[in-house]
Amino acid sequence: MVKDRCILFALILTCISTQAFANGMEFPSNGTEALGRGGAFTAKADDLSAVELNPAGLAKLSGWHVYLGNQFSVYNATFSPLVFLEEDDLFTNGTVLPAGERYLGAGIKNDRGWQLVGPLVGVSTDFGLKDWAFALSVYGPSANAQSNFDSDGRQRFMLVGTDVLLALYTASVAYRPLDNLSFGISFHWLNLIQAKLSMAVNGYWDQMNGWQGTDYNEVEGYEVRADVNVADDFA
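The structure displayed is predicted, hence computed values, not measured ones. (Residues numbered from 1 in each chain as written. Predicted model: local features only at pLDDT ≥ 70, side-chain atom pairs only at ≥ 80, totals over all residues. Heavy atoms only, no water.)

## With respect to the overall build of the chain
From N to C terminus, the chain includes three helices and 15 strands. Scored against the burial criterion, the 235 residues of the chain give a buried share of 29%. Partitioning the intrachain contacts of the chain with sequence separation of at least 6 by distance along the chain shows that 60% fall at a separation of at least 24. (Helix = DSSP H or I, 4+ residues; strand = E, 2+ residues; numbered from the N terminus. Buried < 20%, exposed > 50% of the residue type's maximum accessible area, 1.4 Å probe, protein only. Contact = heavy atoms within 4.5 Å.)

Pasting the structure below:
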């Protein structure tokens with residue numbers, strides 16, 4: 001009966017909820033169970049995702065284990081800017097918005113499709129040794145690494161696009177001298193395959209009044225799209 005009431009209460013909350021606002025989207029951790037627990041998996045770590053969260057947890061595994069996991073993301077992020085009106089604006093529905101106010105502008109959407117997020121591939125074994133475990137794995141960070149926004153949109157001075165590929169090649173070892181005590185260590189080779197970041201640089205200035213001037217007949221300067229593409233094979 002209590003369980004049924006909880007389910008009913010959750011359904012009611014879902015039906016009456018309104019628009020929600022959040023500061024971006026985040027995947028808390030690699031690993032299926034770790035993700036399902038919101039990242040609360042460090043103390044429990046008892047599968048190969050322990051190589052990232054808590055390598056001592058590998059000592060809970062015996063024999064051979066192979067792990068293949070991944071998260072998929074469709075990052076449908078939309079940027080809706082606050083627009084400052086310099087003069088009265090007549091909307092199509094006949095509503096006049098007065099100058100000097102800020103209003104929510106048209107949304108600018110990330111047009112990148114689905115992407116792989118945080119793949120984890122690994123193998124572990126104890127080699128027949130009691131209380132020991134060894135593992136080799138490769139995984140990526142749990143994050144949305146790709147985005148592509150309008151190069152002429154209002155968000156361009158913050159972000160135009162990202163495309164990052166980072167792989168962590170990992171060797172781990174764990175030892176459990178007691179049933180409730182284990183030690184572990186992971187050695188990570190970080191390979192930043194690529195990191196492409198793009199945004200626009202606002203180089204306009206006002207000859208008469210400086211940056212805060214309002215005489216737009218005197219504005220000169222430029223706008224440049226800045227693309228940074230870096231890589232680092234080893235860290």
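## Digging into the packing of aromatic side chains
Geometry of an aromatic ring pair is reported as the spacing of the ring centres plus the angle between the planes. Applying the stated criterion to the full structure yields six aromatic pairs. Ring centres of Phe 127 and Phe 134 lie 5.5 Å apart, and the angle between their planes is 55°; this geometry places the pair in the tilted category. Owing to a relative accessible area of 55%, Phe 127 belongs among the exposed residues under this scheme. Classification of Phe 134 by relative accessible area gives partly exposed; the value is 26%. In textbook terms, an aromatic cluster arises when at least three aromatic residues are bridged by ring pairs, as seen for Trp 64, Phe 127, Trp 132, Phe 134 and Tyr 175. (Phe/Tyr/Trp six-rings, centres within 6.5 Å; stacked < 30°, edge-to-face > 60°.)

## Overview of the environment of Asp 163
Its place among the elements puts Asp 163 in strand E11 (residues 161-178). According to the relative accessible area criterion, Asp 163 is buried, its value standing at 17%. C-alpha separation for the pair Asp 163 and Asn 229, spaced 66 residues apart in sequence, amounts to 9.2 Å. In terms of polar contacts, Asp 163 uses its side chain to reach the side chain of Gln 146, at 3.3 Å. There is a polar contact of 3.3 Å between the side chain of Asp 163 and the side chain of Gln 194. (Polar contact = N/O pair within 3.5 Å; in protein donor to acceptor, adjacent residues only side chain to side chain.)

## Let's talk about the confidence of the model for the chain
Per-residue pLDDT for the chain has a mean of 82; in total, 82% of the residues score no lower than 70. The spread of mean pLDDT over the elements of the chain runs between strand E4 (residues 89-90), the lowest at 61, and strand E9 (residues 132-139), the highest at 97. (pLDDT = per-residue confidence, 0-100.)

## Digging into the pattern of salt bridges
A side chain with one charge may pair with a side chain of the opposite charge, provided their charged atoms come close. Summed over all chains, the structure comprises four salt bridges. Close ionic contact of Glu 33 with Lys 44 constitutes a salt bridge, the shortest N to O distance being 2.9 Å. With a gap of 11 residues between them, Glu 33 in helix H2 (residues 32-36) and Lys 44 in the loop between H2 and helix H3 (50-53) connect regions that are remote in the sequence. Judged by relative accessible area, Glu 33 falls into the partly exposed class, the value being 31%. (Salt bridge = Lys/Arg side-chain N within 4 Å of Asp/Glu carboxyl O.)

## Side note on the side chain of Gln 155
By the secondary structure assignment, Gln 155 is in the loop between strand E10 (146-148) and E11. The buried category is assigned to Gln 155, whose relative accessible area is 3%. Within polar-contact distance, the side chain of Gln 155 engages the backbone oxygen of Asp 150 at 2.6 Å.

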